[in-house]
Amino acid sequence: MIVTLFYESSTRTRVSFEVAMKQLDGDVVVLTPTEMQIGRGETIADTARVLSRYVDAIMMRTVDPDRLNDLARYATIPVINGLTKNSHPCQLMADVMTFEERLGPIVGKSIAWLGDGNNMACTWIQAAARFGFELRLACPQVLSPPDAIVNWARENDATIVQTLYPEEAVSNADCIVTDTWLSMGDEGEDHRYDLLRRYRVDDRLMSLAKSEAIFMHCLPAHREEEVTALVMDGPKSAVW
Ligand code: NVA
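Read on for an overview of the structure.

Observations regarding the nonpolar core
Membership of the largest hydrophobic core comes to 28 residues, with the highest contact counts inside it found for I111, W113, W124, L135 and I160. Those elements that provide at least two residues to this core are helix 4 (89–103), strand 5 (110–114), helix 5 (119–131), strand 6 (134–138), helix 6 (147–155), strand 8 (175–178) and strand 9 (214–217). Here this core gets seven residues from one element, more than from any other, and that element is helix 5. With near-sequence residues (within four places) excluded, I111 lies in contact with F99, I106, W124, F133, E134, L135, R136, C175 and V177. A112, W181, V201 and F215 belong to the second largest nonpolar core, which has 23 residues in total.

Written out as structure tokens, the structure reads:
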């Protein structure tokens, strides 16, 4: 039995956890903080202690990584990261599986990340160290992923290339990945649109990658913002 606890909205993570638990003959309790005693001031630590006595695991989605870490510190059962502002490892595992289904082992391949240096970008950086692919990041300077995570990955033998130019990142790549320009918690940061426009994935950028290259996006997608509809819904898209 798992509790899935959502401080933020979710479509795929919620449904995939729920379906998976049921397919494994388990079950799920889906919670949001407003309907729990957390909404009346109960601490995460107390919530962790109590839930640990009822269920086998907790998955939490929250933009605040400290909240997830608190839950993990006080829970005595496994805690799964269902997305924070810093990372989204469940999505990354699905992306690596999709890549390998389409193009074989990801080790030694080149993945181009375009756009915001957000939670997904950071998780791709961690994955480059774990799975041994080359990651090329093209992000505006002010939206680059934190140096600390890039340095950590390089110290762990990852090949990470950083550039301001999307053409350089996608050249001969096996896969181009992007994400929304406004992640959860970025609401109102409209200045991002001007910064990110040149990183939109379109047919011209796709044509600079390998002929068999695929496009990936964790969703939700905003067509004609970070990706054109032609790419998103085109033959190279592995989004679905
Ligand atoms: N970067 C996005 C991913 C959504 C699944 C966000 O954090 O909103």
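Now that the structure has been shown, we can carry on.
Remarks on the site of the ligand
The ligand sits among L83, H88, N118, N119, D179, S183, M184, C218 and L219. In this structure, N119 approaches the ligand through a side-chain N or O atom, which is 2.8 Å from an oxygen atom. Separating a nitrogen atom of the ligand from a side-chain N or O atom of S183 is a distance of 2.7 Å. Surface burial for the ligand is 94%, taken as the share of its 270 Å² of free accessible area covered by protein chains. Judged by the fraction of its atoms near the pocket grid, the ligand is located in the second largest pocket. Here the shell around the ligand is composed, by residue class, of four nonpolar, four polar and one charged.

Describing the pattern of salt bridges
It is possible for side chains of opposite charge to pair when their charged atoms get near one another. All chains considered together, the criterion is met by 13 salt bridges. Two residues, E167 and R204, come together in a salt bridge whose shortest N-O distance is 2.8 Å. Remark: R204 occurs in helix 9 (residues 203–208) and E167 occurs in helix 7 (residues 166–170); sequence separation between them is 37 residues. Classification of E167 by relative accessible area gives partly exposed; the value is 30%. Among the salt bridges present, the one from K210 reaches D174, with a minimum N-O distance of 3.0 Å. One end of the pair, K210, is in the loop between helix 9 and strand 9; the other, D174, is in the loop between helix 7 and strand 8, with 36 residues separating them in the sequence. The exposure class assigned to K210 is partly exposed, which follows from its relative accessible area of 25%. One network of salt bridges, in which partners are shared, links K85, D116, D186, E189 and R192.

Details of the pairing of strand 2 (residues 28–31)
Pairing between strand 1 (residues 2–6) and strand 2: four bridges, direction parallel. Among the inter-strand pairings, I2 is bridged to a residue of strand 2, identified as V28. For the handedness criterion, the β-α-β arrangement of strand 1, helix 1 (residues 12–23) and strand 2 is classed as right-handed.

As for the packing of aromatic side chains
Under the defined criterion, the tally for this structure stands at two aromatic pairs. Between W124 and F133 the ring centres are 5.6 Å apart and the planes differ by 70°, which places this aromatic pair in the edge-to-face class. Judged by relative accessible area, which is 1%, F133 ranks as buried. Seen from their ring centres, W181 and Y193 are 5.8 Å apart, and the 80° between their planes marks the pair as edge-to-face. Taken together, the residues W181 in the loop between strand 8 and helix 8 (192–196) and Y193 in helix 8 connect sequence positions 12 residues apart. Classification of Y193 as partly exposed rests on a relative accessible area of 24%.

Parameters at a glance
Residues numbered from 1 in each chain as written. Predicted model: local features only at pLDDT ≥ 70, side-chain atom pairs only at ≥ 80, totals over all residues. Heavy atoms only, no water. Core = buried A, V, L, I, M, F, W, Y, C linked by side-chain atoms within 4.5 Å. Buried < 20%, exposed > 50% of the residue type's maximum accessible area, 1.4 Å probe, protein only. Helix = DSSP H or I, 4+ residues; strand = E, 2+ residues; numbered from the N terminus. Contact = heavy atoms within 4.5 Å. Near = heavy atom within 4 Å. Polar contact = N/O pair within 3.5 Å; in protein donor to acceptor, adjacent residues only side chain to side chain. Areas by Shrake-Rupley, 256 points an atom, 1.4 Å probe, with all protein chains shown as cover. 1 Å grid on protein atoms, 1.4 Å probe; cavity = no way out; pocket = protein on both sides within 12 Å on 5 of 7 lines; lining within 4 Å. Sits in = over half its atoms within 2 Å of the grid points. Nonpolar A, V, L, I, M, F, W, Y, C, P; charged D, E, K, R; others polar. Salt bridge = Lys/Arg side-chain N within 4 Å of Asp/Glu carboxyl O. Pairing = 2+ DSSP bridges. Right-handed = clockwise from strand over helix to strand, strands pointing away. Phe/Tyr/Trp six-rings, centres within 6.5 Å; stacked < 30°, edge-to-face > 60°.

Honestly, it's all geometry; don't read function into it.
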